[in-house]
Amino acid sequence: MFKKILIANRGEIACRIISTCKKLSIPTVAVYSDADARALHVKLADEAINIGPPPSTESYLSIDKIISACKQTNADAVHPGYGFLSENHLFMSRLEKEDITFIGPSAEPIRVMGDKIESKIFAIDAGVNTVPGYQDIIKTSEEAIEIAKNVGFPVMIKASAGGGGKGMRIAYNEDDIPDAYTSSINEAKSSFGDDRVFIEKFIVKPRHIEIQILADNYGNAIHLGERECSIQRRHQKIIEEAPSSFIDNVTRVKMGEQATSLAKEVNYSSAGTVEFVVDQNQNFFFLEMNTRLQVEHPVTELVTGIDLVEEMIHIANNKKLKIKQNEVKVHGWAFESRLCAESPKKNFLPSAGRLVNIKYPVGDIRVDTGYQSGGEVSIYYDSLLAKIISKGKDRNDALSKMQIALSDVAVEG
């Protein structure tokens, strides 16, 4: 087993990873910026290293500082959580040179799946359903109009390096294309430093359903069922559930099989998520693969009884998956609600400041949090405070428990 794991993250996900490491008796190292000196993850870890000023580029996104912290503390493995460096293939390559294990997939699957165009080519090769569209780079708005006519309106113009809803624009007719094309490339360039865009058919009234997979270094890949993530605001998920109430068992099995086929096609190992968009007739199409732990992983953990962080650590430690596909069973239903420091009065803009008092629900509810009373919500990072997760014997039971839990939440600042 690893001697010591450094967590290259902050907030609730850093605390979540520390929890599993404690269960496995693995010492942990927290890293923190000046803004996070008194943060909860710093208190929970066995050791903590300051990695610089508040801006992420000077702290949590600094590969040199993370590697330096590993050397200072003799950490032999890094868990990246989600966001920050979790899908940076250059980070993986650097860790490999320093003989530090990355708890996640290898660099090449991350690179391939991080590119919307290249990932779709792999998906097609793996026999995965893909959204009709034009996969090459589009150079001009005139070219975009011609392609959109062939694909058929409505269409979605998407950034190749995209994520989090950035660089995406819908065009319902020819007149929409020039503005949509220009907005998409501008946002793609400012968000990712990459202005490449392509066009896909826009699925009307889509459902966002994703499959959780686990794969090891020996060619074994399984799926742990689906999560429904259709309730979103500005392309950001806010409520998730497992399983989905929308799809039937036939579709569920097909989606799981295609997700594991894709994992094998790209030689994937670790936890990962294959995201699909599903239309009103349960036709499903590959959207993207997230080569990391998802924010919403707890709902899968509650219905399967499988600790995904623990599995990631074992896989990174070169162990074979102990779970076979026919042993994966889904029991009951789970919901996750994201509790964010945002102002409803200001169109849900992030709201920074001191948490004078924060009260979480107690009882038969899971709370994954990175904040306590007295904590500071910084302007520099994501607004997620905590995740409230309920489990019930069925959907109505889980929903009822969630409603009670949310009414018990109090945040004063």
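As a starting point, this report considers the structure included with it.

Reading the values: the criteria
Residues numbered from 1 in each chain as written. Predicted model: local features only at pLDDT ≥ 70, side-chain atom pairs only at ≥ 80, totals over all residues. Heavy atoms only, no water. Pairing = 2+ DSSP bridges. Helix = DSSP H or I, 4+ residues; strand = E, 2+ residues; numbered from the N terminus. Contact = heavy atoms within 4.5 Å. Axes fitted to C-alpha atoms, helices over the stretch in contact; angles between N-to-C directions. Core = buried A, V, L, I, M, F, W, Y, C linked by side-chain atoms within 4.5 Å. Buried < 20%, exposed > 50% of the residue type's maximum accessible area, 1.4 Å probe, protein only. Phe/Tyr/Trp six-rings, centres within 6.5 Å; stacked < 30°, edge-to-face > 60°. Lys NZ or Arg CZ within 6 Å of the ring centre and 35° of its normal. Left-handed = near helix turned anticlockwise from the far one by under 90°. Nonpolar A, V, L, I, M, F, W, Y, C, P; charged D, E, K, R; others polar. Salt bridge = Lys/Arg side-chain N within 4 Å of Asp/Glu carboxyl O.

**Notes on the sheet that holds strand β5 (residues 101-102)**
So, step 1. Ordered by their spatial adjacency, 5 strands build an open sheet running β3-β2-β1-β4-β5, and the pairing between neighbours is parallel. Lying at the two open borders of the sheet, with one neighbouring strand each, are β3 (47-50) and β5.
So, step 2. Sheet strands in contact with helix α1 (residues 11-23) are β1 (5-7), β2 (28-32) and β4 (77-79), and its direction is about 165° off that of β1.

**Section: the nonpolar core**
So, step 1. One finds Ile5, Ile103, Leu214, Ile222, Leu224 and Ile313 to be the most contacted residues of the largest nonpolar core, which totals 30 residues.
So, step 2. Secondary-structure elements contributing two or more residues to this core are β1, α1, β11 (221-233) and α11 (308-316).
So, step 3. By size, the runner-up hydrophobic cluster in this structure holds 26 residues, among which are Ala75, Met92, Phe102 and Ile110.

**Describing the packing of aromatic side chains**
So, step 1. Evaluation of the coordinates by the stated rule reveals 6 aromatic pairs.
So, step 2. A centroid spacing of 5.4 Å and a plane angle of 90° characterise the contact between Phe276 and Phe284, whose relative ring orientation is edge-to-face. Each member of the pair, Phe276 as well as Phe284, is classed as buried.
So, step 3. Arranged with centres 6.2 Å apart and planes meeting at 50°, the rings of Tyr380 and Tyr381 form a pair that is tilted.
So, step 4. In this structure Tyr381 comes out as buried when scored by relative accessible area, which is 10%.
So, step 5. Put simply, the rings of Tyr60, Phe84, Tyr380 and Tyr381 touch in pairs and so form one group of aromatic residues.
So, step 6. Over the ring of Phe348 we find Arg233; its NZ or CZ atom is 4.0 Å from the centre of that ring.
So, step 7. Between Lys320 and the ring centre of Tyr218, over which it is positioned, the NZ or CZ distance is 5.4 Å.

**Brief notes about unusual backbone geometry**
So, step 1. For the peptide bond that leads from Phe153 to Pro154, omega is -5°, which places it in the cis range.
So, step 2. As for its placement among the helices and strands, Pro154 is situated in the loop between α7 (141-151) and β7 (155-159).
So, step 3. Pro243 follows Ala242 through a cis peptide bond whose omega is -5°.
So, step 4. Along the polypeptide, Pro243 turns up in the loop between β12 (236-242) and α9 (249-265).
So, step 5. If you check the backbone angles, Ser25 has positive phi at about 60° while not being a glycine.

**With respect to the packing of helix α3 (residues 63-73) against helix α4 (residues 89-97)**
Helix packing for two helices is described by the angle between their axes and how far apart those axes are.
So, step 1. At a closest axis distance of 11 Å, the pairing of α3 and α4 adopts a crossing angle of 35°. Note on packing geometry: the crossing formed by α3 with α4 is right-handed. When α3 is examined against α4, the residues Ile63, Asp64, Ile66 and Ile67 are found in contact with a partner set consisting of Leu90, Phe91, Arg94 and Leu95.
So, step 2. Here the residues of the contact of α3 with α4 sort into 6 nonpolar, no polar and 2 charged.

**Thoughts on the pattern of salt bridges**
So, step 1. Counted according to the given criterion, the structure contains 36 salt bridges.
So, step 2. Two residues, Arg233 and Glu342, come together in a salt bridge whose shortest N-O distance is 2.5 Å. Taken together, the residues span a long stretch of sequence, with Arg233 in strand β11 and Glu342 in strand β16 (residues 342-343) at a distance of 109 residues.
So, step 3. Relative accessible area serves as the criterion here: at 23%, Arg233 is assigned to the partly exposed category.
So, step 4. What makes Glu342 partly exposed here is its relative accessible area of 22%.
So, step 5. Two residues, Arg354 and Glu376, come together in a salt bridge whose shortest N-O distance is 3.0 Å. Of this pair, Arg354 sits in strand β18 (residues 353-354) while Glu376 is found in strand β21 (residues 376-377), placing the two residues 22 residues apart along the sequence.
So, step 6. By relative accessible area, Arg354 is classed as partly exposed at 42%.
So, step 7. Three or more residues joined by partner-sharing salt bridges are found here, namely Arg16, Lys23, Glu301, Asp307, Glu310, Arg366 and Asp368.

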